[in-house]
Amino acid sequence: EEAIRALNEALEQRVAELKAANQELAAFSYSIAHDLRAPLRAMNSFSRILLEDYAPQLDAEAQSYLQRVSANALRMGRLIDDLLAFGQLSHKPLRKRLVAPVDLVREVLEDLRPESAPRQVEFVIRDLPACQADPALLKQVWANLVGNALKFTRERPVARIEVGAHEQSGERVYFVRDNGVGFEMQYADRLFGVFQRLHSAEAYEGTGVGLALTQRIVYRHGGRIWTEAEADQGATFFFTLGM
């Protein structure tokens, strides 16, 4: 009993220390992000002013440099936002309720309409049974997966993106399937790491945080996520949401 009591006290102390460390890390992350945003906004604003007001006095090479400065400042801003969202997810309370995934998917498709409208994209929505989930976080999962599918089918004359669900070993599995560029399965484990990319940022934009954020949301729901793909043959992302 003395040994168990001592272990419990040590465990409580470590939990308290971990909570304090997490709070300090969250405060540090917020401070860093806030301090980084200001110079990034300045870089973007001044480069745009130069392009708009002084373009006739600049040669093509100088204009190209300024456009690259502006684009990279915007990309860094998005990266900061994604990192903050990733870091804050573990502190955000999970508000589960009965959700109709098909409604969330339709909202995501409407949000992505500006990107998909100029292209020939076939969206297929299969049966999506209701589930217990945090609707805001689950929408983020669909947005990341459908957005990825849309991005990596960009070179296809006709892109096909299928969203659905099936039962597997007594477990409900949701999926997003596309006919895009795919990837070699030997690199699949890298997909869900922060800043891990299988394609260059020049070819396909992104911060390398989206799938890591998606995985964390799924894990918080007690589920799991995995993928199946083949190079140049498309990819399918599967996920569950626990009980």
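Rules used in this analysis
- Once a new chain begins, its residue numbering starts again from 1 and follows that chain's sequence as written.
- A pLDDT threshold of at least 70 governs which residues receive local features in this predicted model, and a stricter bar of 80 or more applies before side-chain atom pairs are shown or counted, although totals over entire chains, interfaces and linings include all residues.
- As a rule here, side-chain values come from all non-hydrogen atoms in the structure, and water together with hydrogens is ignored.
- Here's how the labels work: a residue is buried when its accessible area is under 20% of the maximum for its type, exposed when over 50%, partly exposed in between, all with a 1.4 Å probe on protein chains only.
- By definition, any uninterrupted DSSP run of H or I lasting at least four residues is a helix, any uninterrupted run of E lasting at least two residues is a strand, and each is numbered from the N terminus.
- Two strands make a pair as long as DSSP finds a minimum of two bridges between them.
- Axis lines are fitted through C-alpha atoms, for helices just across the contact stretch, and the angle between N-to-C directions can take any value from 0 to 180 degrees.
- The contact definition used throughout considers only heavy atoms, calling two residues in contact when any of these lie within 4.5 Å.
- Throughout, the arc means that of the directions going from the helix axis to the C-beta atoms.
- Crossing handedness: left-handed means the near helix sits turned counterclockwise from the far one by under a right angle, and right-handed means the same turn made clockwise.
- Amino acid classes used here: Ala, Val, Leu, Ile, Met, Phe, Trp, Tyr, Cys and Pro are nonpolar; Asp, Glu, Lys and Arg are charged; the rest, including Gly, are polar.

Here we come to the pairing of strand S7 (residues 235–239). Most of S7 sits out of view: 5 of its 5 residues are buried. Judged by which residues are buried, S7 turns out to be covered on both faces: Ala235, Phe237 and Phe239 on one side and Thr236 and Phe238 on the other are all buried. Here strand S5 (residues 171–178) runs beside S7; their pairing, made up of 5 bridges, is antiparallel. Bridge assignment links Tyr174 to a residue of S7, and that residue is Phe239. Relative to S7, strand S6 (residues 225–229) is paired through 5 bridges, and the arrangement is antiparallel. Considered in S7, the bridge of Glu228 is made with Thr236. Hairpin connection of S6 to S7: 5 residues between the antiparallel strands, including Asp232 at a positive phi of 65 degrees.

A word on the sheet that holds strand S4 (residues 159–168). With respect to topology, 5 strands assemble into an open sheet ordered S2-S4-S5-S7-S6, the strand pairing being mixed. The open sheet has two edge strands with one neighbour each: strand S2 (121–125) and S6. Recorded for the sheet is a direction-independent mean angle of 20 degrees between the axes of neighbouring strands. Looking at chain direction, S4 and S5 are connected through 8 bridges and run antiparallel. Among the inter-strand pairings, Gly164 is bridged to a residue of S5, identified as Phe175. Packing against the sheet, helix H5 (residues 135–152) makes contact with S2, S4, S5 and S7, and its axis sits at approximately 35 degrees to S5.

Moving on, we get to helix H3 (residues 101–111). Along an α-helix, residues three or four positions apart point the same way, because every turn accommodates 3.6 residues. When we look at burial in H3, the residues that qualify are Pro101, Val102, Leu104, Val105, Val108 and Leu109. Each buried residue of H3 sits inside an arc of 160 degrees when the element is viewed along its axis, so together they form one side. For H3, exposure combined with an orientation more than 90 degrees from the buried face picks out Arg106 and Asp111.

Here the focus is the packing of H5 against helix H6 (residues 210–220). Where H5 contacts H6, the two axes come as close as 9 Å, and the packing angle between them is 145 degrees. The crossing of H5 and H6 is left-handed. Packed against H5, whose contacting residues are Leu137, Gln140, Val141, Asn144, Leu145 and Asn148, the element H6 presents Gly210, Leu211, Leu213, Thr214, Ile217 and Val218 at the interface. Broken down by class, the residue content of the contact of H5 with H6 amounts to 7 nonpolar, 5 polar and no charged.

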